[in-house]
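Chains, contacts and geometry: an overview
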Amino acid sequence: MPSVRSLLALGLLVTPAVFASPVPQGNGNDNGCKNGQGNGLSKKCTSTSSSTSRSTSTSFSTSQSTSTSTSTSRSTAVTPTPTTPSSTSAAPSTTVAPTSISSTSAVSSTPSPSSTAPSSSGFKLLTPTKTATTGPLASATGMADAAVAIGKYFGTAADIPGTGAASDPYYLAGLNNIHNFNQITPANIMKWQYLEPQQNVFDFTGADQFVALAKTNQKIIRCHTLNWYQQLPNWLSNPATPWTNETLMDVLVNHIDQVMGHFGDSCYAWDVVNEVFNDDATATWRDTIWYRTSGPSFVSVAFRAANAAKAKYGLKTKLYYNDYNIEYLYPKSNMAQQLVANLTTQGINVDGVGLQSHFANTFTPSLSSQQQNMAAFTALKNAKGVNIEVAVTELDVRVPDTGSLFAPSASVTAAIQNQQVQFYWNTVNACATTAGCVGVTVWDFVDTYSWIPSTFAGTGFGDLYYQPGGANSPLVGKAAIDAIIDGFQNVQPGTYA
Ligand code: G3I
């Protein structure tokens, strides 16, 4: 364990701060994994080969057309109909044909929480008791359309290839719909255990498939993650010879160089370092193999390596620190801010901070708290003198749910659904109203494939769609979808009520 003196010398010992506003408890996202063995979700990841392709485009523009669609739905098609890319760029296209969608559902202006009748397409929408102020479902606007209209993106994580989701045509049709998702994050396949299963033996097969799918569907890619304490290969977690600071940092630098070099500017951003702090009120450093071996300096080593790779390969990709319970004014948020400030002081560039935003109906920070928090991050200047950006990187809102993955139990009342609607709106609207917030990503979008129930027993229903017929059956959209669209559109001060 490094001494306090050594931490101070490294400029990475940050002291707990005192905050003006008391903050509620964290979300307890730590699933207890200490050695990279995961959290017990029973999904299998296999892969087949595909080629690597790189894009040099990492920007996203405000020019995506939202007017080409004639249908009003975001439903599913039995056969996925990927959009036709207008270029090989990872950036969103300006002219995108909608995927096959056929729902006639619209937000009723009359609150009707019990309205869940399926449409003829098999798509149904849980009508919220809160009515969207702008009636978004009466237009052809999807969630990404609404985001792009104000210069941001909206996307989702996806645990593909090799999982059930990857072969579910309804899931894929929803995923590929550029009007709803113009950004994508690999939920797992770019993590260390998949990319470097043996020391210095890299396997990009599955990740390349992911990138190819993303590009086919014109999605911005946030790449995740170069340094984490979970999902590490065994050779790294349990080395034959214990790591020293020198040997472990060599391994880290090599991984970052190889991986960033491979994916190039296919990645709009990389989560360079993920989740280094504990969740307690004093936000101490998490006890991981990285910290135990190298102290906090592994963070600066990682960011130095990532900046070096950017220079070596001539990349534009943005370099992020990513964590949870840093979405509101809380000691852990302050720790993350100080981390960025300390790296900046050392001349090490950080481009952005990812606010994971794994929320629950029992705990979600208010709109103003999230806005203030985003303002605090985006006021920070990086080593280039540029204000850092923020992104909502892993949003979901779980609720008490003892039902199956496929259908909510009776505990998911209309009142709870309305809380969920409101909380999705809060986070999206905080991003929409913060100039330095570049976009929002949900951590998968169909409950069937959510990480939540296996980690937080007795909770679920946290994503935007569910499948009452089980996997490989039509998706049902939740009222939160309307709230997300409204959250992007309603950029004047207001509430979704
Ligand atoms: O790949 C193996 C497969 O070989 C094996 O047969 C199967 C058996 O269970 O497991 C497969 O690995 C699973 C992996 O997901 C791939 O699907 C792991 O068990 C499972 O634990 C792992 O869970 C992932 C979790 O990170 C690991 O902690 C979730 O899908 C993923 O959504 C979640 O994502 C994290 C972010 O990266 C960081 N922020 C928090 C977020 C939620 O925990």
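Placed above this text is the structure.
Here we summarise the structure given alongside this text.

Reading guide: rules and limits
Residues numbered from 1 in each chain as written. Predicted model: local features only at pLDDT ≥ 70, side-chain atom pairs only at ≥ 80, totals over all residues. Heavy atoms only, no water. Helix = DSSP H or I, 4+ residues; strand = E, 2+ residues; numbered from the N terminus. Buried < 20%, exposed > 50% of the residue type's maximum accessible area, 1.4 Å probe, protein only. Contact = heavy atoms within 4.5 Å. Disulfide = S-S within 2.5 Å. Pairing = 2+ DSSP bridges. Right-handed = clockwise from strand over helix to strand, strands pointing away.

This paragraph deals with the environment of Gly439. Mapping Gly439 onto the fold places it in strand E9 (residues 437–442). In this structure Gly439 comes out as buried when scored by relative accessible area, which is 0%. Taking the C-alpha atoms as reference points, Gly439 and Ala391, 48 residues apart in sequence, are found 5.3 Å from one another. Setting aside its immediate chain neighbours within four residues, Gly439 contacts Lys152, Tyr153, Val390, Ala391, Val392 and Cys431.

For the rest of this paragraph, the subject is unusual backbone geometry. Peptide bonds are trans in most cases, and residues, glycine excluded, mostly fall at negative phi. In this structure, Pro161 follows Ile160 across a cis peptide bond, with omega equal to 5°. For Pro161, the position within the fold is in the loop between strand E1 (153–158) and helix H3 (169–176). Thr225 follows His224 through a cis peptide bond whose omega is 0°. With respect to the secondary-structure elements, Thr225 resides in the loop between strand E3 (220–224) and helix H6 (234–237).

Turning our eyes to something else, we now look at the state of the cysteines. A complete count under the given rule lists two disulfides for this structure. Disulfide partner of Cys223: Cys267, at an S-S distance of 2.1 Å. Disulfide Cys223-Cys267: the torsion about the S-S bond is -85°, which places it as left-handed. A residue pair is termed long-range when its members are at least 10 positions apart, and Cys223 in strand E3 and Cys267 in the loop between helix H7 (245–263) and strand E4 (269–274) qualify at 44 residues. Just as Cys223 is buried, Cys267 falls in that class too. The partner cysteine of Cys431 in its disulfide is Cys437, sulfur to sulfur 2.1 Å. Here Cys431 and Cys437 share a disulfide; its torsion about the S-S bond, -100°, makes the bridge left-handed. Described in terms of the sequence order of its bonded cysteines, the disulfide pattern of the chain is 1-2, 3-4.

Time to look at the pairing of E1. Burial runs high along E1: six of the six residues are buried. Burial along E1 is two-sided: the residues Tyr153, Gly155 and Ala157 and Phe154, Thr156 and Ala158 are all buried. Note that E1 and E9 share four bridges and pair parallel. Bridge assignment links Gly155 to a residue of E9, and that residue is Thr441. Relative to strand E2 (residues 183–186), E1 is paired through four bridges, and the arrangement is parallel.

The buried fraction of strand E8 (residues 389–400) is high, at 11 of 12 residues. In this structure, strand E6 (residues 352–355) lies alongside E8, joined through four bridges in parallel fashion. Within E8, the position partnered with Gly352 by the bridge is Glu389. Where strand E7 (residues 358–360) and E8 come together, three bridges link them in parallel fashion. From the neighbouring strand, Phe359 faces E8, where its bridge partner is Val397. In this fold, the crossover linking E7 to E8 by way of helix H11 (residues 367–378) has right-handed handedness. As defined by bridge partners, E8 adjoins E9 across three bridges and the pair is classed as parallel.

Read these as geometric descriptors, not functional statements.
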